[in-house]
Amino acid sequence: QVQLVESGGGLVQPGGSLRLSCAASGIVFSINTMGWYRQAPGKERELVASITPTGTTYYRESVKGRFTISRDNAAKTVYLKMNSLKPEDTAVYYCNSRSISGATSWGQGTQVTVSS
C-alpha cells in the first residue's frame, strides 16, 4: 500500500520560507519520479516541481529561482524548499509519485498560506 505523507506547511509572511517534506512508503522510491503539485481555491491543480530518479528537475516558470526540489532516496523523502514566498503561492501542496509504469499516487496535501 502506497503512502505519501506531507508535512511542513503553514502560515508565513510574504518573503518568508518554508520547507515541505513528503515521506513515502510502499513504493520503490528510488525509481519513482517525485513531484509537488499545488491547488489554490477555484483553480486547477498544477505541477510546481518534479525530480526524476536520476535527479533531473523541472520547475514551473513562476517558481524558478525561488523553489528547490530535492530527494533523499535512503530516507524515501522528497523535499520542496520554498524561498521568497508570495501570496500567489498560497495553496494546498500535494506530493506525487509516478512509477516507470505510469502508476501514480498522491499524498493528502498540506496547506501553505502566504499572508501578512
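Residues numbered from 1 in each chain as written. Predicted model: local features only at pLDDT ≥ 70, side-chain atom pairs only at ≥ 80, totals over all residues. Heavy atoms only, no water.

Caption draft 1: Representation of the sheet that holds strand β7 (residues 67-72) in the model. What the four strands build is an open sheet, ordered β1-β3-β8-β7; its pairing is antiparallel. Looking at strand neighbours, the two that pair on one side only are β1 (3-7) and β7, the edges of this open sheet. Each neighbouring strand pair of the sheet contributes to a mean axis angle of 15°, computed without reference to strand direction. Taken together, the six bridges between β7 and strand β8 (residues 77-82) define a ladder with antiparallel strand orientation. Residue pairing in the sheet places Asp-72 in a bridge with Thr-77 of β8. (Pairing = 2+ DSSP bridges. Helix = DSSP H or I, 4+ residues; strand = E, 2+ residues; numbered from the N terminus. Axes fitted to C-alpha atoms, helices over the stretch in contact; angles between N-to-C directions.)

Caption draft 2: Structural detail: the pattern of salt bridges. Here the structure, examined in full by the defined rule, presents five salt bridges. Salt-bridge contacts for Arg-38 lead to Glu-46; the nearest nitrogen and oxygen are separated by 2.8 Å. What makes Arg-38 buried here is its relative accessible area of 7%. Salt-bridge contacts for Arg-66 lead to Asp-89; the nearest nitrogen and oxygen are separated by 2.8 Å. Placement of the pair is Arg-66 in the loop between β6 (57-59) and β7 and Asp-89 in the loop between β8 and β9 (91-98), with a sequence separation of 23 residues. No difference in accessibility class separates Arg-66 from Asp-89, as the two residues are buried. Salt bridges here are not isolated pairs; linked through shared partners, they connect Arg-38, Glu-46, Arg-60, Arg-66 and Asp-89. (Salt bridge = Lys/Arg side-chain N within 4 Å of Asp/Glu carboxyl O. Buried < 20%, exposed > 50% of the residue type's maximum accessible area, 1.4 Å probe, protein only.)

Caption draft 3: Representation of the packing of aromatic side chains in the model. Counted under the stated rule, the structure contains one aromatic pair. Here the guanidinium or amino end of Arg-45 rests over the ring plane of Tyr-94, the centre of that ring lying 3.7 Å away. Here Arg-45 stacks its cationic end above the ring of Trp-106, 4.6 Å away from the centre of that ring. (Phe/Tyr/Trp six-rings, centres within 6.5 Å; stacked < 30°, edge-to-face > 60°. Lys NZ or Arg CZ within 6 Å of the ring centre and 35° of its normal.)

Caption draft 4: Up close: unusual backbone geometry. The backbone of Lys-76 sits at a positive phi, close to 50°, despite the residue not being glycine. Tracing the sequence through the fold places Lys-76 in the loop between β7 and β8. Positive phi, close to 50°, is recorded for Ser-84, a residue that is not glycine. Along the polypeptide, Ser-84 turns up in the loop between β8 and β9.

Caption draft 5: Region of the structure containing the side chain of Arg-71. In this structure, Arg-71 sits in strand β7. A polar side-chain atom of Arg-71 sits 2.9 Å from the main-chain carbonyl oxygen of Asn-32. At 3.2 Å, the side chain of Arg-71 forms a polar contact with the backbone oxygen of Ile-51. (Polar contact = N/O pair within 3.5 Å; in protein donor to acceptor, adjacent residues only side chain to side chain.)

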